[in-house]
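# A look at the structure
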Amino acid sequence: RVAQHLYQDTIISRLAAVHVVFHSVRKEVLWFGQLVEVNPQILKPLVSASASNGTRDMVLHLMAVGETIKILDATMPLHVKPVPDAKKRAYEWLQSVYACQRGVQSALNLPNDTPQSKELVSVLSLQWQHQQAVQLFIEHFMLQDSNLVCYAQKLYETLRAGSSDFTRGIAIEAVVSVLSSLSDDHKQRRLTTITCDASWIQQTSYAFFTEVVSHLCFGWTVPQDEVVHKLMSIAFPEEANSLPYLGMEQDGIPIIRPFLLHLLLKHDFQKCESYLEKYFESHGSKDQDILLQCIQGFEDSYHQQMSELPHQQKVQETLNHIKEAHEESTGSGHETTFSSLRSVRAVARLRFGLSVVAHTLHSLTENDGSTLDEYSGILLQVAKKVCTDARINEEDIGPAVFLAKQIIKQYGTGCFMALAKRVEYSWILPEQLYPPEQDKGVDPFVVYGQSYSHIRKAVSSAVKGIGFDLLDSSLQQHGQLALLLPLALYERITLMAGKHQQISEDDLVKFERGAAQLSGMCKEMSLKLLRNNLPAAFTGARLPLEKLLGEVVIHVTLVLMSMKDLDILHPLVAMLHTPGSLKNCYLPTMPEDALTEARKALPGTYYECPRGHPYLITECGRPRTKGNCSECGLPIGGENYKLSKANKMLEKGRNDTKSGYLLQKPSPQSKAPLSIRGLTPASCLIIRILMHSALFWASASGDEACVGGIQQIMRTSVKDNKLADFFWNHLLRDIQLLHEVTGKSIDDVALLIHLVLQNIATTRGPRAGQSSPWLLQSTAQRALWEAELTKICIQPILQSLDQKLKAALDYLAEDAKEERDMLFVVVNEMTTDSKSLAHHLWSYRPRITLGHLKQTLQQTNMQKHCSILDQFLNEEPGLRATKYLPEIVQLQHLLYDKYNYRMDQRVAQETTVAQFLADVNSSSEELSKKYRYLILECLKKAWRLIREELPQYARLRVDGEDLMPDVTMETRLDFLIPTTSGHGRCTTALVDYLVQTHNAFIERCQAVTQEKQKRKSDWKKLQVPIAHINHCHLIDHEEQLYPIILSHCRYSLKAGQGQEVQYDFPALEKHILKRFIFGKPTILLDIPQVSYRRDVYASVTFQRVREVIRQVPMPSEVKRRVLGDTWTNQQLRKTTNVLEVALGFMSSGAGSAKMALSSFVQDTLQMKLDSSIKLPDCFLEHTISLWKVLSVKLCKTLTIADEEPFDVEGEDLLQQLTAEQITALDAALERFNLNQLLESLLEFTLIFVKYMSTDQLQTWPIVGTLEPFLDDQGLPEIPNFDEKFPDDIVVGQTIAIWKHIVKFQKHNSTHDIAR
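Residues numbered from 1 in each chain as written. Predicted model: local features only at pLDDT ≥ 70, side-chain atom pairs only at ≥ 80, totals over all residues. Heavy atoms only, no water.

What follows covers the overall build of the chain. The helix and strand inventory of the chain stands at 55 helices and 10 strands. In the chain, the share of contacts with a sequence separation of at least 24, taken over all contacts with a separation of at least 6, comes to 75%. A total of about 58900 Å² of accessible surface is found on the chain, and carbon and sulfur atoms cover 49% of it. (Helix = DSSP H or I, 4+ residues; strand = E, 2+ residues; numbered from the N terminus. Contact = heavy atoms within 4.5 Å. Areas by Shrake-Rupley, 256 points an atom, 1.4 Å probe, with all protein chains shown as cover.)

Structural data, given as structure tokens:
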């Protein structure tokens, strides 16, 4: 039909019509092919079905879905009676479902415009949902106990009888009915064959129901009101224990409530509010736990709603929340009746708003000297009114206390006190929580328990003049640990210097007598502390964060001094006392050689270019094509499996990892190490804190030997007097990164370090002999030491971190009460009355986020058992960004089609996104909207997620000026146009990074799955070209992940007990693997590269033209005619422009060698030429030769006219020749063919020189660089060039050479004519 409509009905027109039609149904054909590949047996029934179909609509893919469902239905492992191999059959059926589910769901989700296809999709979707419900039941129940098969049968029959999908309430009721029946039968012992207990049935029912709801009710289409009402009635039942099979707490509260409430609020906030409003009108506030869970649900919902908003809009929305909530709260006090939803919502809105206020205040401390924007300033003014309103604030409860908790728990006491000391923000510290005049602060050393407390008390008594008897007796009773006295002296004397009456000399002598009971370095350290004879960093007034870090350093130093004989501590003790002894050692947590790490991640054969830069060849590992080094531009690779000149293969065992200290100066953008040699990020950072503390003490001690020793191990240049600041700044960044990694506050992170040190101080391990086995003289030995230190000293604390922190905080709270530090007591909720609702309304709780999940996984040491989940969480930002890959690829193809060979680079550099969109809008408003969406929505979001990764991305590094700051209306267009050099590398590298992230993760999951199954994986390895990529090929998890996390954790908030979160990591990993990952293909990468019209003579384009169409020099007579014609500069420019466009299309395979150039340009390319353009009578095989002849003529003309012949910028490219060089050059030029030399230099300049770095331009001699270039381009060599040309002329002087040769040639020609 298409052929007859568009063309004459011929074979050729029909073939063309096939391509036209295929383009419109490509996706349908793609998924049809996927389904046939999985189930080839569907072809036979499809042939007969399509023959009798009679429709002209494209429904072949839907017919394939129908046949697939029939096969699955026929093989479904449902039997009235149990069979011996039921589990095996169930497993095999599930594998069949997994193999085809991606194809089925993708085919059903394609747009359907005709009535027949819509009706077919409706029927098939219903059947598929019923099968998926049974699939979920089999996964949860039958794989554990195959005797439950009768309930799967019952579920399937009930769903089919109701003929309802899961957007209707009847389907949910069918699921509830089956679960209820299963629970009742087990209670009544009607099924004696069931081997599982009631607890397992309850937990499994909960997991099954939550997955049905999240996947089937909300994963396909929008559920109807009856489903929302039904689920709300399950979350808020009229009678306690009405749904026991879904799991209840002891008092009848459904544990499924938080999950349903979060899901429903996200789906339809208004409907949920309406339901809850009626619920509160009838039930009031008789149940405090319902109130707290509703407040929590609303608060989390507000966070989710605001997470994607721009900053200004988010601040405005928050401002409205706080204002309205404040009005609703005033007058009702704390013990409100909560008779309406408004009062519940008001608390939730205030809690959400104040968390935003806390973040805004923290940003002021992060950016010194920064000023608030107008809206943020108004937000803080409104927050001040709320926090100073006596009607809703009391001594230890209310919004003011909640704001203090938010700041301190997230950002630390140091941040809070720094803000409170600023007059304009002093209102954040309630008057009743002011610290005492002689504030000693929290003493973290109480983690040592009563022994330390007794010694510290004795020191305080002695300081107050009460006497030294108590100190003497305390040291005898509790001085088993030598470091306890110096720790107490530091807290009560060193830190309090200037805050109490000066200690007399006699008393100091008595203190020293007590310290004399100690041995070795602890004695020496105690004397320093008494006399305050410490490095300058530990004296004078201290900010809270400085005090916190100072305590960490002192504690590390004392532990290393007192435990110096502990074998495992040998490297750290050496850093403290004899850092020079670690010269040539591999220091802890230092990075491995990048090439070694790349070899682990990217298999293949590694080579290096002539300048020593490494590159990788994948597949067979042998060179088949040529390319250019991304660092220096020299030729790499080869042809026909022969390596290019001066390239060589790298040794397989080569390891260039450097010894010593390798870290550079820390910056706010420094990121936590993901995983170094198997260390978790938290373990790695803790070891770094120990190391940096030891190095800081050594560098700040003033000991010249220590400073000299540190310089011997440093691979970073730091002056002697700057070493202490260098390591102190690293400590600050380490603490901040550990805060980010663990999700704990800065204070809790410091407390974590003290707990690790306390664990080390009480460790009884092997003592070092004459020589320690831990000398770190190899990378392998370093890895063993890091693993052993982590196992002995760090992991015991991280494994049960929350419990250990809580116990330590209890110690600190008791101590704080004695010291009258009410801020610490209230913030850590040590005064909370479990019976008072008001205390729990304003309690602090961390939100369930991906970060919280990741931290909990690391703390429970489950990474090895759940390696896929661990990698998923580590790679999540990159995997989340892949959801935008189809749109970014579409944008690249649109820009390629629009600008390839058609735009000058300078125009792209001068055009902003705003100007580009306006230009497109002038011709097509619809296309302009499409571009706006692709650029300012998709590309922008993906870029913000990935931008910080690209400077370290080994495959295609983008940094410095080439790194696009952000995607805005002012962004230059050349950043968006995909190229392999310059600013266009940004989007090229982005796509490459996203594809590699996706592929590496999929391949890792395939390998782990196969390893766990101990056999060949059922996961078919498929590949999809990037041009055909669709969302269904990617791990598009963002929308559905949060409900899945909630469905796999016990998440409750009860009055008096706080928040309890327990994750089922194995089940969560299995669910994520099945839902988002299983069956996904890898992506074949092929990024379209735009060649700018003025840059088509880049080497790759010339190489492609020469490979596709053989190029030969123009015939001599044609060349003479061209050179003899009179050309204006305008004619030369226009003609070379036409040739550049032609070359661009020729590189893609257009044309043939013997095709006339003028015919190709005017007939094939349909270019309209004006009369000023002169194309000589030659063929396409002469195009490059003609371009060079005309370009040389143009550049010569410009040079003679003292104009710049080359379109380049920068002094490095325009370096001048010296008088001595000119003399030597003149002598050499007599021996060369100057026309050949000029043509070679022209191509050399435009293809190679203009893309070189400053260092290369200034240092590389042109001798030894030009000849390899000509050889790589397949150009004839210049006889005797390397022998006769001056060897002190560098590449940056190439343009100066060109100009001099032109003038030299003209001078000699004039001289010959005159003679």
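Having put the structure on the table, let's press on.
Turning our eyes to something else, we now look at the pairing of strand E2 (residues 614–617). By the alternation rule, side chains of E2 split into Tyr615 and Ile617, which are all buried, and Pro614 and Leu616, of which none is buried. Once strand E1 (residues 605–608) ends, the chain turns through 5 residues before running back antiparallel as E2, passing glycine 612 with a positive phi of about 90°. (Buried < 20%, exposed > 50% of the residue type's maximum accessible area, 1.4 Å probe, protein only. Pairing = 2+ DSSP bridges.)

Ordered by their spatial adjacency, 3 strands build an open sheet running E3-E4-E5, and the pairing between neighbours is antiparallel. With one partner strand each, in any of the chains shown, strand E3 (626–628) and strand E5 (642–643) form the two edges of the open sheet. Sheet topology note: the strand E4 (residues 635–639)/E5 ladder contains 2 bridges and is antiparallel. Considered in E5, the bridge of glutamate 639 is made with lysine 642.

What follows concerns helix H15 (residues 311–329). Under the 1.5 Å per step criterion, the end-to-end length of H15 is 26 Å for 19 residues, consistent within 8% with the ideal 27 Å. Within H15, the full set of buried residues consists of Val315, Thr318, Leu319, His321, Ile322, Ala325, His326 and Ser329. In a view along the axis of H15, the buried residues occupy a sector of 165°, so they form one face of it. (Expected span 1.5 Å × (residues − 1). Arc of directions from axis to C-beta.)

Taken together, the 3 strands give an open sheet; going across it, the order is E2-E1-E6, and neighbouring strands pair in antiparallel fashion. Both outer strands of the open sheet, E2 and strand E6 (648–649), are each paired with one neighbouring strand and no more. The sheet contact formed by E1 and E2 spans 4 bridges and is antiparallel. When the sheet's bridge partners are listed, tyrosine 607 is paired in E2 with tyrosine 615.

Looking now at the pattern of salt bridges. Under the criterion given, the structure shown has 26 salt bridges. As a salt-bridge pair, lysine 1119 and glutamate 1239 come within 3.7 Å of each other at their nearest N and O atoms. Here the residue lysine 1119 occupies a position in helix H46 (residues 1116–1124), and glutamate 1239 occupies one in helix H51 (residues 1234–1247), the gap between them amounting to 120 residues. The partner of lysine 1299 in a salt bridge is glutamate 1204, with the nearest N and O atoms 3.2 Å apart. Of this pair, lysine 1299 sits in helix H55 (residues 1294–1314) while glutamate 1204 is found in the loop between helix H49 (1183–1200) and helix H50 (1219–1229), placing the two residues 95 residues apart along the sequence. For glutamate 1204, a relative accessible area of 36% gives the class partly exposed. Look at the salt bridges and you will find they share partners, linking Glu299, Asp300, Arg351 and Arg845 into a network. (Salt bridge = Lys/Arg side-chain N within 4 Å of Asp/Glu carboxyl O.)

Of note, the phi angle at asparagine 584 is positive, near 70°, even though the residue is not glycine. Within the secondary structure, asparagine 584 is located in the loop between helix H26 (570–577) and helix H27 (594–601). Notably, threonine 589 is not glycine yet its phi reads approximately 65°, a positive angle. When you line up the elements, threonine 589 lands in the loop between H26 and H27.

As a further point, take the packing of helix H37 (residues 867–881) against helix H41 (residues 925–946). H41 packs onto H37 with a crossing angle of 160° between their chain directions and a minimal axis gap of 8 Å. Here H37 is positioned roughly antiparallel relative to H41, judged by the angle of their axes. In terms of crossing hand, the pair formed by H37 and H41 is left-handed. Contacts from Pro877, Gly878, Arg880 and Ala881 of H37 reach H41 at Ala942, Leu945 and Ile946. (Axes fitted to C-alpha atoms, helices over the stretch in contact; angles between N-to-C directions. Parallel < 35°, antiparallel > 145°, perpendicular 65-115°, else oblique. Left-handed = near helix turned anticlockwise from the far one by under 90°.)

On to the packing of aromatic side chains. Taken as a whole, this structure holds 21 aromatic pairs when the rule is applied. A ring pair is formed by tyrosine 899 and phenylalanine 916, whose centres lie 6.3 Å apart and whose planes are at 55°; its orientation type is tilted. With tyrosine 899 in helix H38 (residues 885–899) and phenylalanine 916 in helix H40 (residues 913–923), this residue pair connects regions lying 17 residues apart in the sequence. For phenylalanine 916, a relative accessible area of 2% puts it in the buried group. (Phe/Tyr/Trp six-rings, centres within 6.5 Å; stacked < 30°, edge-to-face > 60°.)

Residues Asp1271, Glu1277, Asp1282 and Glu1283 make up a contiguous surface patch of negative charge. Mapped onto the elements, aspartate 1271 comes out in helix H53 (residues 1266–1273). (Patch = residues over 30% accessible without salt bridge, like charges linked within 9 Å, V, L, I, M, F, W, Y side chains within 5 Å. Lys, Arg positive; Asp, Glu negative; His and termini not counted. Charge placed at Lys NZ, Arg CZ, Asp CG, Glu CD.)

Our focus in this paragraph is the packing of H26 against helix H28 (residues 681–700). Packing of H26 against H28 brings their axes to within 7 Å, and their N-to-C directions diverge by 25°. One element, H26, and the other, H28, form an angle in the roughly parallel class. Contacts between H26 and H28 involve Leu572, Met575 and Leu576 from the first element and Leu690, Met691, Ala694, Leu695, Trp697 and Ala698 from the second.

Attention shifts here to the nonpolar core. Nonpolar side chains tend toward joint burial in soluble globular proteins. Ranked by size, the top nonpolar core spans 167 residues in total, and within it Phe166, Phe209, Leu231, Leu361, Leu403 and Ile1077 carry the most contacts. Broken down by element, this core gets its largest block of residues, 13 residues, from helix H16 (residues 341–366). With residues up to four places along the chain from it excluded, the contact list for leucine 231 reads Ile172, Phe209, Val213, Phe218, Leu260 and Leu264. In this structure, Val552, Phe726, Leu751 and Leu805 belong to the second largest nonpolar core, which totals 103 residues. (Core = buried A, V, L, I, M, F, W, Y, C linked by side-chain atoms within 4.5 Å.)

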